[in-house]
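Listed below, chain by chain, are the residues.
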Amino acid sequence: LENVYPLISMGANTLANGTNISVNNIYVKVSVTEANEANITFTLYNTTGPVNITTKDAGNRTFNWTGLIDGVYYYNVTVRDLVNFVNVTETYVIRLDNVKPYIIIAYPANITYNVNVSGLNYSSYDVDSGVDRCWYSNNSGIINSTSVNLGTNFTNVISKEGSNTLTLYANDSAGNENSTSVTFFKDTVAPAVT
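Below is a summary of the structure that appears in this document.

What counts and what doesn't
- Residues numbered from 1 in each chain as written.
- Predicted model: local features only at pLDDT ≥ 70, side-chain atom pairs only at ≥ 80, totals over all residues.
- Heavy atoms only, no water.
- Pairing = 2+ DSSP bridges.
- Helix = DSSP H or I, 4+ residues; strand = E, 2+ residues; numbered from the N terminus.
- Axes fitted to C-alpha atoms, helices over the stretch in contact; angles between N-to-C directions.
- Phe/Tyr/Trp six-rings, centres within 6.5 Å; stacked < 30°, edge-to-face > 60°.
- Buried < 20%, exposed > 50% of the residue type's maximum accessible area, 1.4 Å probe, protein only.
- Lys, Arg positive; Asp, Glu negative; His and termini not counted.
- Salt bridge = Lys/Arg side-chain N within 4 Å of Asp/Glu carboxyl O.
- Polar contact = N/O pair within 3.5 Å; in protein donor to acceptor, adjacent residues only side chain to side chain.
- Contact = heavy atoms within 4.5 Å.

1. A word on the sheet that holds strand β3 (residues 26-33)
Reading across the sheet, the three strands line up as β1-β3-β6 and stay open at both edges, with antiparallel pairing between neighbours. Bordering the open sheet on either side are β1 (7-10) and β6 (62-65), each of which pairs with just one other strand. Neighbouring strand axes in the sheet, compared pairwise and without regard to direction, differ in orientation by 25 degrees on average.

2. A look at the packing of aromatic side chains
The final tally for this structure, using the stated rule, is twelve aromatic pairs. Both rings, one in Tyr107 and one in Tyr113, keep their centres 5.6 Å apart while their planes meet at 80 degrees; by these two values the pair is edge-to-face. Since its relative accessible area comes to 26%, Tyr107 is described here as partly exposed. On the accessibility criterion, Tyr113 (11% relative accessible area) is buried. Consider the rings of Tyr122 and Phe154, whose centres lie 5.9 Å apart with planes at 35 degrees: the pair is tilted. You can see Tyr122 sitting in strand β12 (residues 121-125) and its partner Phe154 sitting in the loop between β14 (143-144) and β15 (162-172), a full 32 residues away along the chain. In terms of burial, Tyr122 and Phe154 fall into one category: buried. Site record: aromatic cluster; members linked through ring pairs are Phe42, Phe63, Trp65, Tyr75 and Tyr92.

3. Thoughts on the side chain of Asp97
Residue position: Asp97 is located in the loop between β9 (92-96) and β10 (102-107). Buried and without a salt bridge, Asp97 has Arg95 as its closest oppositely charged side chain, separated by 6.5 Å. Reaching out from Asp97, the side chain makes a polar contact with the backbone nitrogen of Val99 at a distance of 3.0 Å. With residues near it in sequence (within four places) discarded, Asp97 still touches Ile21, Ser22, Asp70, Asp126, Asp128, Ser129, Asp172, Ala174 and Asn176.

See below:
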């Protein structure tokens, strides 16, 4: 008579616990040690309860939940042997997020300035994963890739006489990226009087 519980753990190509990712599926692969395996159950649930529970015959090691909507999901895998001994993997948490972060430039505006424009004020948020970082480029090819804390505006922005275009970028922790631009005119040269 067998009196050893089966062994099970998450395997290769399974996303790390706590991952934020921009996909609509969750793939899981497990490693099992059990000579008398009866079946294996893959369980997926969200904050409202079970989404899918699938039991497969012995020997199955992978499952892929597809067509999932954005949100936080929890999953684990249970193995059962022929004498009804059971073991369960740890429960993993995965956030699916396919929505780009929202960004808006508050300053400068699409107008003509007669002063040096050296700031870039913006707002950015992401409902699902949170904004990871923001950066900008201008039409002179200067890119500021320095990450700033949300709510901290850019300073020391370089603008030139004439037309300027600033493009602001933001990405979230799931890898979704968004951008927005503003074009303004800078004229700080006084007209010549004769």
